[in-house]
Amino acid sequence: MINDGLDFEAGNLFIRSVGDRLSQTVRATDVVARLQGDQFAVLITDLDPAVVDVISRRLADELAAAVDVSDLSIARSVSIGVAHNSISNSNQELINHADAALHEAKARGKKRAVTFDATMRSKVLQRFEMELELRRALDNDEFVLHYQPEVDLETGEVVATEALVRWNHPERGLLSAGVFIETAEQSGLVVEIGDFVLAQAIEQISLWQHDHPDLEMWINISPAQLMSRDLVSQVGGLLNTHGVDAHRICLEVTEHSVLDDIEFTRGSLETLRNSGVKLALDDFGTGYSSMKQLKNLPITTLKIDMTFVAGLGISEYDSAIVDAAITLADAFGLKTVAEGIEKPEQIGELLRRGCHIGQGFYMARPAAPEEIEQLLHQPMSLHGIGASR
Ligand code: C2E
Ligand code: MG
Ligand code: MG
C-alpha cells in the first residue's frame, strides 16, 4: 500500500525501518530475515517458552510505533505467528508452522500473536483447497448475487437492496458469503469477485430504476478493493455504461477496512463521496472507530451490527450501544440502519430510538432478483408478516 500510495522508494524505506527495529529488539545472536513482501522471520535460539509472549509483545509494540516516511507518519500493526522446533521435523516445517500460525493470527483480527498447534495444519489445507476452488469458481462463473431489502420501518417501503454475493457451488449448493469471503479476502481473489459484484449490482439497479426511481443499491466493498487506485473510475465507468446516477449507489465498508489503513483509505473514500456515491460504515460497533475518526470520514450512513440489534430490549448493554450509535449518527448528520432484524418487537424498539431503516430475516431474507422484485411494488406490512416466514 505504501508502494501504491506513495512510491517504491518510500516502501523500501519503510521495509528497512522494520528490519532495523526488529534487529534492535532481539539479541545480536538471534536471526532476523525478510521472507518476502511485508513478511519477516525472527529465529530465536535457546528460548524459554515462558517468555514467548513477552517477546511477541515487545516486537509488536516496537513495530507499532509510527515512522516518518516521505513526510507521512506511518504506523502499521503486525500479526505474529509463533512456532517451536520441538514439534517441527525440519527447518521448512518450522517455517510452515509459523506461517500457519500467522494466518490464524490474521484471521482472529490484526495485532495478534498466535502459537502454532496441530489443528492449524488442517485449516491450512482447507484454506488452500478453498482457494483453488474459488479460482475455478471465478473461471466458471459460479458466483451470483442475491439481494436483501432495506426497509423503511415506518412505512414498510423498500428503499434499497443490499447486494450479497453467493457461490453456486457444484457440489455444496448455494453458499453464503460468510462461508467463503474471508478466504477470498486472504487470497486476494476478493478483488476479482468484487469486480463481478459491482458490475452485476449496478446492472441490476439500472434494470429496476425505471419502475423504482428512488430505489438504491448497496454494495459491500472489501478492504483490498478500497486500496486499489481504480475503484473510483471503475464505479464511474459502470454508472456511465448503465445510465445510473451516483447517488443511487451506496458502498458499504467495514470499520476495520477503513480504520486499519486510514492514511490510505480516506483519500479513496473522499474521491468516491465527491463523485456522489454514498458510503456506509458496515457492522458498526464491532470495530473501534474513535469519534474523531468518525467525524473526519466522509460517510453518510452507519449500519448498526446485528449483534446489538439482537440484544435490543433484552440486554441493557446492547440497548445502550444502539442508543449511543444513533445519538452519534444524529450529531454527525448520518443515517442509521439496523441489521439483522428477526423479531417484530425489534422494529418498535428501533423506531422508538430514532432508527428508521432496517434489514433482516423478519422482513425478507436475501434472495434472487426475480424474487426481490415482487417485494418492490408495494410497501411491506411490518406487523404479522413473520407468521408466514
Ligand atoms: P454484511 O454486509 O453485514 O451482510 C449482512 C449479512 O447478514 C448477510 O450474510 C445476510 O445474509 C445476513 N443477514 C441479514 N439479515 C439477517 C438476519 O435477520 N439474521 C441473521 N442472522 N443474518 C442476517 P452473508 O450474505 O453471508 O454475508 C456475510 C458478510 O460477507 C457480509 O456482511 C459482508 O461483510 C460480506 N459480503 C457479502 N457479500 C459481499 C460482497 O459482494 N463483497 C464483499 N466484499 N463482501 C461481501
Ligand atoms: Mg453489508
Ligand atoms: Mg453488517
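Residues numbered from 1 in each chain as written. Chains lettered and ligands numbered in written order. Predicted model: local features only at pLDDT ≥ 70, side-chain atom pairs only at ≥ 80, totals over all residues. Heavy atoms only, no water.

Taken together, 24 residues lie around ligand 1, and Arg166, Asn220, Asp282, Glu342 and Phe361 are the ones closest in. Asn220 is positioned with one of its side-chain polar atoms (N or O) 2.9 Å from an oxygen atom of ligand 1. Here ligand 1, which alone exposes 800 Å², has 84% of that area covered by the protein. When residues in the shell around ligand 1 are grouped by element, the largest group, four residues, is from strand β8 (residues 158-169). Class assignment of the residues belonging to the shell around ligand 1 gives a composition of ten nonpolar, seven polar and seven charged. (Near = heavy atom within 4 Å. Polar contact = N/O pair within 3.5 Å; in protein donor to acceptor, adjacent residues only side chain to side chain. Areas by Shrake-Rupley, 256 points an atom, 1.4 Å probe, with all protein chains shown as cover. Helix = DSSP H or I, 4+ residues; strand = E, 2+ residues; numbered from the N terminus. Nonpolar A, V, L, I, M, F, W, Y, C, P; charged D, E, K, R; others polar.)

When we look at burial in helix α6 (residues 177-187), the residues that qualify are Ala177, Phe180, Thr183 and Ala184. The buried residues of α6 occupy an angular sector of 155° when projected down its axis, which confines them to one face. Packing partners of the buried residues in α6 comprise α5 (119-139), β7 (143-152), β8, β9 (173-175) and α7 (190-208). Gly188 lies just past α6 and shows a positive phi near 85°. (Buried < 20%, exposed > 50% of the residue type's maximum accessible area, 1.4 Å probe, protein only. Arc of directions from axis to C-beta. Contact = heavy atoms within 4.5 Å.)

The subject of this paragraph is the pairing of strand β1 (residues 31-36). Regular strands place their side chains on alternate faces of the sheet. Sheet topology places β1 next to strand β2 (residues 39-43); five bridges connect them, and they run antiparallel. The partner of Ala33 across the bridge, within β2, is Ala41. Between β1 and β2, which pair antiparallel and follow one another directly, the connecting turn spans two residues, one of which, Gly37, has a positive phi of 40°. (Pairing = 2+ DSSP bridges.)

Only Asp282 (OD), Asp283 (OD), Glu339 (OE) and Glu339 (OE) from the protein coordinate the magnesium ion (ligand 3), and they sit 1.9 to 2.5 Å from it. The metal-metal distance between the magnesium ion (ligand 3) and the magnesium ion (ligand 2) is 4.3 Å, with Asp282 serving as a donor to both. Within this pair, whereas Asp283 is found in strand β12 (residues 278-284), its partner Glu339 is found in the loop between β14 (335-338) and α15 (344-353), the two being separated by 56 residues in sequence. Owing to a relative accessible area of 6%, Glu339 belongs among the buried residues under this scheme. (Donors = N, O, S within 2.8 Å, 3.2 Å for Na, K, Ca; no water.)

Here the focus is the coordination of the magnesium ion (ligand 2). Surrounding the magnesium ion (ligand 2) are the protein donor atoms Glu162 (OE), Asn220 (OD1), Glu252 (OE) and Asp282 (OD), which sit 2.0 to 2.3 Å from the metal. In primary-sequence terms, the residues that donate to the magnesium ion (ligand 2) follow E-x57-N-x31-E-x29-D.

Turning to the state of the cysteines, a few remarks are in order. Per the stated rule, a full pass over the model turns up zero disulfides. Cysteine Cys250 is unpaired, with the sulfur of Cys355 as its nearest cysteine sulfur at 14 Å. Here Cys250 falls in the buried class, since its relative accessible area comes to 1%. (Disulfide = S-S within 2.5 Å.)

Empty space among the atoms becomes apparent when a probe as large as a water molecule is rolled across them. Size it by volume and the second largest pocket reaches roughly 440 Å³. Lining the second largest pocket we find 25 residues, and of these Val158, Val159, Ala160, Asp214 and Leu215 sit closest to its centre. Elements with a contribution of two residues or more to the lining of the second largest pocket: β8, β10 (216-220), β14 and α16 (369-376). For the lining of the second largest pocket, the element with the highest residue contribution is β8, accounting for three residues. (1 Å grid on protein atoms, 1.4 Å probe; cavity = no way out; pocket = protein on both sides within 12 Å on 5 of 7 lines; lining within 4 Å. Points joined across faces, edges and corners; volume = space filled by probe spheres on them.)

Our next topic: the side chain of Glu150. Examined against the element boundaries, Glu150 turns out to sit in strand β7. Separated by 3.3 Å, the side chains of Glu150 and Lys303 make a polar contact.

Right, let's get into the confidence of the model for the chain. For the chain, mean pLDDT is 91; residues scoring 70 or higher make up 98% of the total. Of the regions scoring below 50 in pLDDT, residues 385-389 engages in seven contacts with residues more than four places distant in sequence or in other chains. (pLDDT = per-residue confidence, 0-100.)

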